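What the coordinates show
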Amino acid sequence: MPPKRPRRANPVTFTVDVEDHRPDPSWPVRYASITHQLLDWFDSRAIAATFFVVGELAVESPALVTEIASRGHELALHNWRHEPLTAMRPAQFRDWVRRGKGVIEDLTGAEVVGFRAPTGSVVPETLWCIDVLAEEGYLYDSSVVPTRNPLYQFPGAPQQPFRWPNGLAEVGIAVLGIGGIGAPFGGTYIRLLPLPVLKFFLTMNPPAPGGSLYVHPHDFDLDEPRWRVPDAGRLSPLLWAGRRSLWKKLDWIHQAFGASAPLRDQLHTADQGGVFHDPLVPTGNARLTTT
Ligand SMILES: [Zn+2]
């Protein structure tokens, strides 16, 4: 029997960040086979998702990119290399998003209009990226984490889609939380929460309209040898915790909330349906106001 639908349940957008989790290129490639498992899982539930692919991987695995597209999903860019925007300059970023868009478009024949920064690194210090993305033909960004977070964070940003002053849409990561406690809705955070706790949080505080859930191929990889991930340091073992239970959690989320269309297909209907929050206008010192 399907789970009882929580009150105020909005369909969830399923997104996948396709990145390479190996510490060293001499290790065997693992992301491709697990991405295929995800494609089968989406097919069996008639879900069309958004796949944010690292540009270099599109060059390395062109057949995987065309397979994702041929199975009805949206392809978007997860930067050219998996580097946070805080480590980049605008000119290099422009070059990377232009190159990534071109490579994926050449493979699939479909326009790439979406971008997600590695580790949610669209933060007050990197807002120069918003104009670059719009100028390079992107229609939306899906990077903002509107809550406090150990990596990058943008507390104070709206938790539902909004537009930046230049018109670029922001359809960021949904927040999983209750009261003042929040975490990005995906990856490590849903792996670590036991299913009953996850159900409780999501039932009490369902994701906002347009909310995205994100996963990575390695979140499901039971056979990946352990290694120390520099970003996580001593917390690296957490990146391997809860992998076995993730399929079951996705199943529950899908049954309880349903699935939205890929992000690109939501932009028009979200505008018409009044889903977008007021534009977000960062001030000179990056404090946020809404108009
Ligand atoms: Zn990533």
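Residues numbered from 1 in each chain as written. Predicted model: local features only at pLDDT ≥ 70, side-chain atom pairs only at ≥ 80, totals over all residues. Heavy atoms only, no water.

**So, the coordination of the zinc ion**
Each protein donor to the zinc ion is listed here as Glu19 (OE), His78 (NE2) and His82 (NE2); together their distances run 2.0 to 2.1 Å. Ordering the donors of the zinc ion by residue number gives the pattern E-x58-H-x3-H. In this pair, Glu19 sits in the loop between strand S1 (13–18) and helix H1 (31–44) while His78 sits in the loop between strand S3 (74–77) and helix H4 (90–108), placing the two residues 59 residues apart along the sequence. Taking the relative accessible area as the measure of exposure, His78 reaches 1% and is therefore buried. (Donors = N, O, S within 2.8 Å, 3.2 Å for Na, K, Ca; no water. Helix = DSSP H or I, 4+ residues; strand = E, 2+ residues; numbered from the N terminus. Buried < 20%, exposed > 50% of the residue type's maximum accessible area, 1.4 Å probe, protein only.)

**Things to note about the packing of H1 against helix H3 (residues 62–70)**
As a packed pair, H1 and H3 sit with axes 11 Å apart at the nearest point and diverge in direction by 10 degrees. Judged by the angle between their axes, H1 and H3 are roughly parallel. For the pair formed by H1 and H3, the contact residues are Tyr31, Ala32, Thr35, His36 and Leu39 on the first element and Leu64, Glu67 and Ile68 on the second. (Axes fitted to C-alpha atoms, helices over the stretch in contact; angles between N-to-C directions. Parallel < 35°, antiparallel > 145°, perpendicular 65-115°, else oblique. Contact = heavy atoms within 4.5 Å.)

**A word on unusual backbone geometry**
Residues other than glycine seldom take positive phi values, yet Asn79 does so here, at roughly 70 degrees. Among the residues examined, Asn79 registers a relative accessible area of 0% and is labelled buried. A positive phi angle, close to 50 degrees, is found at Thr119, a residue other than glycine. Here Thr119 lies in the loop between strand S4 (114–115) and helix H5 (128–135).

**A look at the side chain of His254**
When you line up the elements, His254 lands in helix H8 (residues 246–257). Apart from the residues lying within four places of it in its own chain, the contact partners of His254 are Phe14, Trp41, Arg45, Ile47 and Ala259.

**What to know about the side chain of His216**
Along the chain, His216 turns up in the loop between strand S10 (212–215) and H8. For His216, a relative accessible area of 13% gives the class buried. Setting aside residues up to four positions removed in sequence, His216 forms contacts with Asp17, Glu19 and Gly187.

**Quick notes on the packing of aromatic side chains**
Applying the stated criterion to the full structure yields 14 aromatic pairs. Between Phe14 and Trp41 the ring centres are 5.9 Å apart and the planes differ by 55 degrees, which places this aromatic pair in the tilted class. With a gap of 27 residues between them, Phe14 in strand S1 and Trp41 in helix H1 connect regions that are remote in the sequence. Of the two residues, Phe14 and Trp41, both sit in the buried class. With a centroid separation of 4.3 Å and 35 degrees between ring planes, the pair formed by Phe220 and Trp247 is classed as tilted. Linking Phe220 in the loop between S10 and H8 with Trp247 in helix H8, this pair joins segments that are 27 residues apart in sequence. By relative accessible area, which is 5% here, Phe220 ends up buried. A relative accessible area of 22% means that Trp247 is categorised as partly exposed. In this structure an aromatic cluster arises from ring pairing among Phe14, Trp41, Phe42, Phe51, Phe220 and Trp247. Here Lys101 stacks its cationic end above the ring of Tyr138, 5.4 Å away from the centre of that ring. (Phe/Tyr/Trp six-rings, centres within 6.5 Å; stacked < 30°, edge-to-face > 60°. Lys NZ or Arg CZ within 6 Å of the ring centre and 35° of its normal.)

**A look at the environment of Leu267**
Mapped onto the elements of the fold, Leu267 is located in helix H9 (residues 263–272). Leu267 sits 128 residues away from Leu139 along the chain, and the two C-alpha atoms are 8.6 Å apart.

**A look at a nonpolar patch on the surface**
Taken together, Leu192, Leu235 and Leu238 make up a surface patch of nonpolar side chains, about 260 Å² in accessible area. Summarising the element assignment, Leu235 is placed in the loop between S10 and H8. (Patch = residues over 30% accessible without salt bridge, like charges linked within 9 Å, V, L, I, M, F, W, Y side chains within 5 Å. Areas by Shrake-Rupley, 256 points an atom, 1.4 Å probe, with all protein chains shown as cover. Salt bridge = Lys/Arg side-chain N within 4 Å of Asp/Glu carboxyl O.)

**Overview of the confidence of the model for the protein**
On average, residues of the protein carry a pLDDT of 88, and 87% of them reach 70 or more. Predicted confidence for residues 283–291 stays below pLDDT 50, and this span has 21 contacts to residues more than four positions away or in other chains. (pLDDT = per-residue confidence, 0-100.)

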